[in-house]
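Single-letter residue listing:
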Amino acid sequence: MSAAEIKQSALARFAQDGYEGASLKHIADDCGIKKPSIYAHFSSKEDLFLQVLADVFERQKQRIEDYFEEHASLPLEAQLKGFVVDWQQIYERDAERKFFLRMVFFPPSALYDDVMNLVYPFLDEQEQKLSRLLAAGCPVQGGIIRHPRQAAIAYLTLLDGIAVEMLYGGEARTTRRLEAAWPVYWSGVSRER
């Protein structure tokens, strides 16, 4: 059993049971190995969890980049709103996305600092990339983006609110919130030339 296979089983177990509820015995059982075999690759449950989480952050980062590359020809508003809609749709069917959001908002208390050492650089990098996208003059029909850095921060704040609704409220409530908040956000950050 490779480390990658163990991490895949651990991801499924952490996504389902959370950090506290997942046990190395259950992860080993899911892999069809004995618990001591995990220690050939990972020093502890904490080590395994943090490696799984780091991998998840890298994949999520890549998915964000891929989304914006694939949709670069769309007007900026369509790219940005579409990303939120896409994020929600993937969340509804993807255990990794659910795990990612839960860990961003509710990290295990025993590993809070370690998790935040992944979260904050991730968020800072996304803010910088989004600021550049907004400042680059992507197609905004009939206008420009005011204050790209503040617009990026506001977008991420909107995304946080939508993500919390995904965690607690479900698809219908999330969609209702997005449809109410989006026009207010967009009219606040864009302006006529």
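(A) Main features of the overall build of the protein. Helices and strands together make up the secondary structure of the protein, namely 9 helices and 2 strands. The secondary structure elements of the protein, listed N-terminal to C-terminal, are α-α-α-α-α-α-α-β-α-α-β. In terms of principal-axis extent, the alpha carbons of the protein reach across some 65 × 30 × 30 Å. Considering only contacts within the protein whose residues lie at least 6 apart along the sequence, 69% involve residues at least 24 apart.

(B) Region of the structure containing the packing of helix 5 (residues 76-93) against helix 6 (residues 95-105). For the pair helix 5 and helix 6, interaxial distance at closest approach is 6 Å and the crossing angle is 110 degrees. Comparing the axis directions of helix 5 and helix 6 gives the class roughly perpendicular. Contacts between helix 5 and helix 6 involve Asp 86, Trp 87, Ile 90, Tyr 91, Glu 92 and Arg 93 from the first element and Ala 95, Arg 97, Lys 98, Phe 100, Leu 101 and Arg 102 from the second. Within the contact of helix 5 with helix 6, the residues separate by chemical class into 6 nonpolar, no polar and 6 charged.

(C) Inspection of unusual backbone geometry at higher detail. The residue His 147 is not glycine, and still its phi comes out positive at about 45 degrees. Topologically, His 147 is positioned in the loop between strand 1 (143-145) and helix 8 (148-168).

(D) The arrangement of the packing of aromatic side chains in detail. In this structure the tally under the stated criterion is 18 aromatic pairs. Consider the rings of Phe 83 and Trp 87, whose centres lie 5.5 Å apart with planes at 40 degrees: the pair is tilted. Taken together, the residues span about one helical turn, with Phe 83 and Trp 87 both in helix 5 at a distance of 4 residues. The buried category is assigned to Phe 83, whose relative accessible area is 5%. The exposure class assigned to Trp 87 is buried, which follows from its relative accessible area of 5%. Centre to centre, the rings of Tyr 155 and Tyr 185 are 5.9 Å apart; their planes meet at 55 degrees, and the pair counts as tilted. Here Tyr 185 lies in helix 9 (residues 171-189) and Tyr 155 lies in helix 8, a separation of 30 residues in the sequence. Both residues of the pair, Tyr 155 and Tyr 185, belong to the buried class. Among the aromatic residues, those joined into a ring-pair cluster are Phe 57, Tyr 67, Phe 68, Phe 83, Trp 87, Phe 100 and Phe 122.

(E) Structural detail: helix 8. With 21 residues, helix 8 should cover 30 Å at 1.5 Å per step; its first-to-last C-alpha distance of 30 Å lies within 8% of that length. Of all the residues in helix 8, the buried ones are Ala 151, Ala 152, Tyr 155, Leu 156, Leu 158, Leu 159, Ile 162, Ala 163, Glu 165, Met 166 and Leu 167. Trailing helix 8 by a residue or two, Gly 170 shows a phi angle of about 90 degrees, which is positive.

Thresholds applied
- Residues numbered from 1 in each chain as written.
- Predicted model: local features only at pLDDT ≥ 70, side-chain atom pairs only at ≥ 80, totals over all residues.
- Heavy atoms only, no water.
- Helix = DSSP H or I, 4+ residues; strand = E, 2+ residues; numbered from the N terminus.
- Contact = heavy atoms within 4.5 Å.
- Axes fitted to C-alpha atoms, helices over the stretch in contact; angles between N-to-C directions.
- Parallel < 35°, antiparallel > 145°, perpendicular 65-115°, else oblique.
- Nonpolar A, V, L, I, M, F, W, Y, C, P; charged D, E, K, R; others polar.
- Phe/Tyr/Trp six-rings, centres within 6.5 Å; stacked < 30°, edge-to-face > 60°.
- Buried < 20%, exposed > 50% of the residue type's maximum accessible area, 1.4 Å probe, protein only.
- Expected span 1.5 Å × (residues − 1).

All quantities given are derived from atomic positions and should not be read as evidence of function.
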